[in-house]
Amino acid sequence: MLVDTHTHLNFPDYDKDLTQVISRATAEGIDYLIEVGTDVASSKRSIELAQEYPFIYASVGIHPHDATSSTEKDWQEIKTLAQGQKVVAIGETGLDYHYNYSTKEDQQRLFERHIKLALELELPIIIHNREATEDCLGMLKRFSDRPLKGAFHCFSGSKETAEECLSMGFYISFAGPVTFPKSHRLREVVKSVPVERLLLETDSPFLAPQSRRGKRNEPAYLRYVLPVFAQLYGLSEEDIARITTFNAMRLFGIGGNGNDNQNSRVAYKIRNSLYLNITNRCPNSCSFCPREESPYVKGHYLGLDPDEEPSSQEVIKAIEEMGDVKAYKEVVFCGYGEPTERLDVIKTVAKHLREKGAKKIRLNTNGQGDLINGRPISRELGGLIDSVYISLNSANSEEYKALCSPKYGDRAHSALIDFARTAKETLPDVTLSVVNVPGLDVRACEQIARELGVGFKIREYNDLG
Ligand code: SF4
Ligand SMILES: [Zn+2]
Ligand SMILES: [Zn+2]
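Fair warning: this is a prediction, and the values are worked out from it, not measured in the lab. (Residues numbered from 1 in each chain as written. Chains lettered and ligands numbered in written order. Predicted model: local features only at pLDDT ≥ 70, side-chain atom pairs only at ≥ 80, totals over all residues. Heavy atoms only, no water.)

Engineer: Can you lay out the overall build of the protein for me, pointing to particular residues and giving the numbers?
Structural biologist: Scanning the protein from terminus to terminus reveals 16 helices and 17 strands. For the protein, the C-alpha radius of gyration of 25 Å lies close to 23 Å, the compact-globule estimate for 465 residues. Counting the 465 residues in the protein, one finds 57% classified as buried. Looking at the protein alone, contacts between residues at least 24 apart form 75% of all its contacts between residues at least 6 apart. About 19800 Å² of surface is accessible on the protein, with carbon and sulfur atoms providing 47% of the total. (Helix = DSSP H or I, 4+ residues; strand = E, 2+ residues; numbered from the N terminus. Rg over C-alpha atoms; globule rule 2.2 N^0.38 Å. Buried < 20%, exposed > 50% of the residue type's maximum accessible area, 1.4 Å probe, protein only. Contact = heavy atoms within 4.5 Å. Areas by Shrake-Rupley, 256 points an atom, 1.4 Å probe, with all protein chains shown as cover.)

Right, dumping it as structure tokens:
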């Protein structure tokens with residue numbers, strides 16, 4: 001499961017063995033690839049390839065290098081081609097002040113035309129930016145009130161530039177150079193890009209990864225960049241492949257958009273842990289809760305209406321479909337909501353997991369379970385749950401209310417502290433966690449954990465519960 005979001009198989013480099021190159025891509029698990037035009041002829045060729053191969057999609061445009069030499073007729077042709085079937089993006093376009101094969105004025109004029117065309121057709125743009133960041137971002141900002149979307153391809157800029165691109169809603173795509181031994185700075189930039197906005201590309205025939213460096217690149221070599229991203233994000237290669245595939249599907253609207261007709265995942269894997277999604281309900285409404293933005297977590301669809309919530313038996317079936325539970329580092333009741341809304345399911349499923357020999361069973365909770373269930377619940381979890389992560393989120397009730405808008409109001413913060421205290425008496429491992437949002441007094445939160453004698457952890461933004 002992989003998408004190569006930027007290839008030029010339309011270049012003469014592949015004249016002799018294109019069929020083999022495409023077979024190798026399929027054999028290496030490339031689900032889709034986006035063939036990118038750089039002028040009228042290559043854009044046409046991209047569309048031809050997309051028509052020939054179901055898994056190829058096309059992007060049409062004129063590269064900034066050709067801005068001066070291209071004619072009005074060329075542009076009119078691009079506009080017509082852009083309406084073609086399986087054309088999913090406009091580009092590559094952008095600015096390249098490194099070679100200056102075209103004047104800056106011509107490049108900017110053409111870039112603007114691409115942007116307007118992308119907006120008109122509601123397609124994403126594929127942006128090439130080399131040594132032109134200020135002008136490139138400046139031009140894009142002029143359209144910031146419009147629903148412009150797209151990707152910066154073969155990103156080589158700074159962290160600050162990446163941040164600006166992300167704040168404008170763009171995806172960031174990296175190519176083979178992340179694997180080069182000296183690309184330390186680039187790898188640091190990668191780490192600053194949320195995995196939810198990451199795309200992979202080969203930019204074939206250019207920029208082959210380290211193990212093939214100097215050779216002609218091809219989509220099959222996308223495999224060689226995966227381990228680097230897995231290492232940088234602390235995820236598995238499988239996670240990176242799934243998440244970036246999902247990102248590409250959504251941006252380019254390919255493969256069912258990564259959006260429609262998905263069944264909610266009840267049991268899903270991230271790294272080597274198995275997560276259980278049993279409810280989307282929650283008595284809180286935290287300002288940072290990713291549920292508000294999207295029903296997806298790391299490429300898994302977790303949307304669950306209350307009437308779709310799985311029964312204990314359905315959860316157990318979903319677990320069984322994920323293979324032997326003993327193979328997982330831990331099984332986590334997490335989901336896109338508050339698991340203790342379904343205490344009975346937790347108890348029945350945890351008992352089943354125990355019997356099946358799960359190594360570790362964890363509960364991620366907002367600590368409101370006593371209020372939700374109208375009774376203290378930690379004793380009922382004894383012997384079933386090994387570890388509980390409670391979202392503390394703030395050091396006092398007023399801040400908690402401001403950040404989490406709890407249904408239980410003033411009682412919410414003290415209830416979670418009480419739950420942590422009682423859980424410590426019954427469960428082997430209790431940890432308070434916070435999401436590091438601006439203005440949070442992390443030290444005061446840590447102090448609360450110390451006084452209770454429980455662990456303390458600063459959580460990832462989209463680690464729910
Ligand atoms: S407690 Fe967790 S699931 Fe509930 S709103 Fe807050 S972050 Fe979202
Ligand atoms: Zn480029
Ligand atoms: Zn390119």
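Engineer: Let's hear about the nonpolar core: which residues, and what values?
Structural biologist: Ranked by size, the top nonpolar core spans 80 residues in total, and within it Ile125, Leu140, Phe174, Phe229 and Tyr233 carry the most contacts. Counting 57 residues, the second-largest nonpolar core is a separate cluster that includes Val266, Ala267, Ala358 and Ile448. (Core = buried A, V, L, I, M, F, W, Y, C linked by side-chain atoms within 4.5 Å.)

Engineer: Before we move on, can you summarise the coordination of the zinc ion (ligand 2) with the specific residues and values?
Structural biologist: Looking at the zinc ion (ligand 2), the protein donor atoms are Glu92 (OE), His128 (ND1) and His153 (NE2), and they sit 2.0 to 2.1 Å from it. Donor residues binding the zinc ion (ligand 2) come from one chain and are separated in sequence as E-x35-H-x24-H. Between the zinc ion (ligand 2) and the zinc ion (ligand 3) the interatomic distance amounts to 3.4 Å, and Glu92 serves as a bridging ligand to the pair. You can see Glu92 sitting in strand 4 (residues 87-96) and its partner His128 sitting in strand 5 (residues 125-130), a full 36 residues away along the chain. Overall, the relative accessible area of 2% leaves Glu92 in the buried class. (Donors = N, O, S within 2.8 Å, 3.2 Å for Na, K, Ca; no water.)

Engineer: Which residues make up the pairing of strand 14 (residues 361-365), and what values do they have?
Structural biologist: Two faces make up the sheet, and in a regular strand the side chains alternate between them. Buried residues dominate strand 14, accounting for five of its five residues. Side chains Ile361, Leu363 and Thr365 of strand 14 all project onto a buried face; the interleaved residues Arg362 and Asn364 project onto the opposite face, where all are buried too. In this sheet, strand 14 lies alongside strand 13 (residues 330-333) in parallel orientation, the contact comprising three bridges. Paired with Val331 across the strands is Ile361, a residue of strand 14. Here strand 14 pairs with strand 15 (residues 387-391) via four bridges, running parallel. What sits directly across from Leu363, in strand 15, is Val388. (Pairing = 2+ DSSP bridges.)

Engineer: Lay out helix 14 (residues 397-404) with the relevant residues and their values.
Structural biologist: Of all the residues in helix 14, the buried ones are Tyr400, Leu403 and Cys404. Viewed along the axis of helix 14, the buried residues span an arc of 75 degrees, placing them on a single side of the element. When the buried face of helix 14 is taken as reference, the exposed residues oriented beyond 90 degrees from it are Glu398 and Ala402. Contacts from the buried residues of helix 14 go to strand 15 and helix 15 (411-426). Between the side-chain oxygen at the start of helix 14 and the backbone nitrogen of Glu398 there is a gap of 3.2 Å, and the oxygen is on Asn396. (Arc of directions from axis to C-beta. Polar contact = N/O pair within 3.5 Å; in protein donor to acceptor, adjacent residues only side chain to side chain.)

Engineer: Got a sec to walk through the sheet that holds strand 9 (residues 267-270)? Specific residues and values, please.
Structural biologist: Strand order in the open sheet formed by seven strands is 9-10-13-14-15-16-17, with mixed pairing between adjacent strands. Looking along the sheet, the strands with just one partner apiece sit at the ends: strand 9 and strand 17 (455-459). Taken pair by pair, the neighbouring strands of this sheet meet at an average axis angle of 25 degrees, ignoring direction. Relative to strand 13, helix 11 (residues 343-355) is tilted by about 175 degrees, and along the sheet it contacts strand 10 (273-276), strand 13 and strand 14. (Axes fitted to C-alpha atoms, helices over the stretch in contact; angles between N-to-C directions.)

Engineer: Outline unusual backbone geometry, supporting the account with residue identities and numerical values.
Structural biologist: Residue Gly91 is joined to Glu92 through a cis peptide bond whose omega torsion reads 20 degrees. Cis rather than trans, the peptide bond between Ser204 and Pro205 has omega equal to 10 degrees. Inspection of the secondary structure assignment puts Pro205 in the loop between strand 8 (198-200) and helix 8 (226-233). Even without glycine at this site, Lys86 takes up a positive phi of about 65 degrees. Take Lys86: it is sitting in the loop between helix 3 (72-81) and strand 4. One non-glycine residue, Ser405, lies in positive phi territory at about 35 degrees.

Engineer: I'd like a rundown of the coordination of the zinc ion (ligand 3), residues and numbers included.
Structural biologist: All of the protein donors around the zinc ion (ligand 3) are His6 (NE2), His8 (NE2) and Glu92 (OE); their distances to the metal are 1.9 to 2.1 Å. Summarised as a motif, the one-chain spacing of the donors to the zinc ion (ligand 3) is H-x1-H-x83-E.

Engineer: Account for the pattern of salt bridges, with residues named and values stated.
Structural biologist: Per the counting criterion, the structure on display carries 29 salt bridges. With its nearest N and O atoms 3.4 Å apart, the salt bridge here joins Glu341 to Arg281. One end of the pair, Glu341, is in the loop between strand 13 and helix 11; the other, Arg281, is in the loop between strand 10 and strand 11 (296-297), with 60 residues separating them in the sequence. For Lys360, the salt bridge goes to Glu330, with nearest N and O atoms at 3.9 Å. One end of the pair, Lys360, is in the loop between helix 11 and strand 14; the other, Glu330, is in strand 13, and 30 residues separate them in sequence. According to the relative accessible area criterion, Glu330 is buried, its value standing at 6%. (Salt bridge = Lys/Arg side-chain N within 4 Å of Asp/Glu carboxyl O.)

Engineer: I'd like to hear about the sheet that holds strand 2 (residues 30-36), residue by residue, with values.
Structural biologist: Spatial ordering of the open sheet is given by 1-2-3-4-5-6-7-8, a layout of eight strands whose pairing is parallel. Where the open sheet ends on each side, the last strands, each with one partner, are strand 1 (2-7) and strand 8. Neighbouring strand axes in the sheet, compared pairwise and without regard to direction, differ in orientation by 30 degrees on average. Bridge count for strand 7 (residues 171-174) against strand 8 is three bridges, and the pairing is parallel. By the bridge assignment for strand 8, Ile172 is matched with Leu198.

Engineer: Describe in detail the packing of aromatic side chains, supporting the description with residues and values.
Structural biologist: To describe a pair of aromatic rings, one takes the distance between the centres and the angle between the planes. Under the criterion given, the structure shown has twelve aromatic pairs. Summarising the aromatic geometry, the rings of Phe152 and Phe155 are spaced 6.4 Å apart at their centres and angled 80 degrees between planes, so their arrangement reads as edge-to-face. Exposure class is identical for Phe152 and Phe155. Each is buried. Plain terms: the ring middles of Tyr296 and Tyr301 are 5.2 Å apart, the flat faces sit at 55 degrees to each other, and that makes the pair tilted. Taking relative accessible area as the criterion, Tyr296 reaches 9% and is therefore assigned buried. Over the ring of Tyr97 we find Lys104, and its NZ or CZ is 4.6 Å from the ring centre. (Phe/Tyr/Trp six-rings, centres within 6.5 Å; stacked < 30°, edge-to-face > 60°. Lys NZ or Arg CZ within 6 Å of the ring centre and 35° of its normal.)

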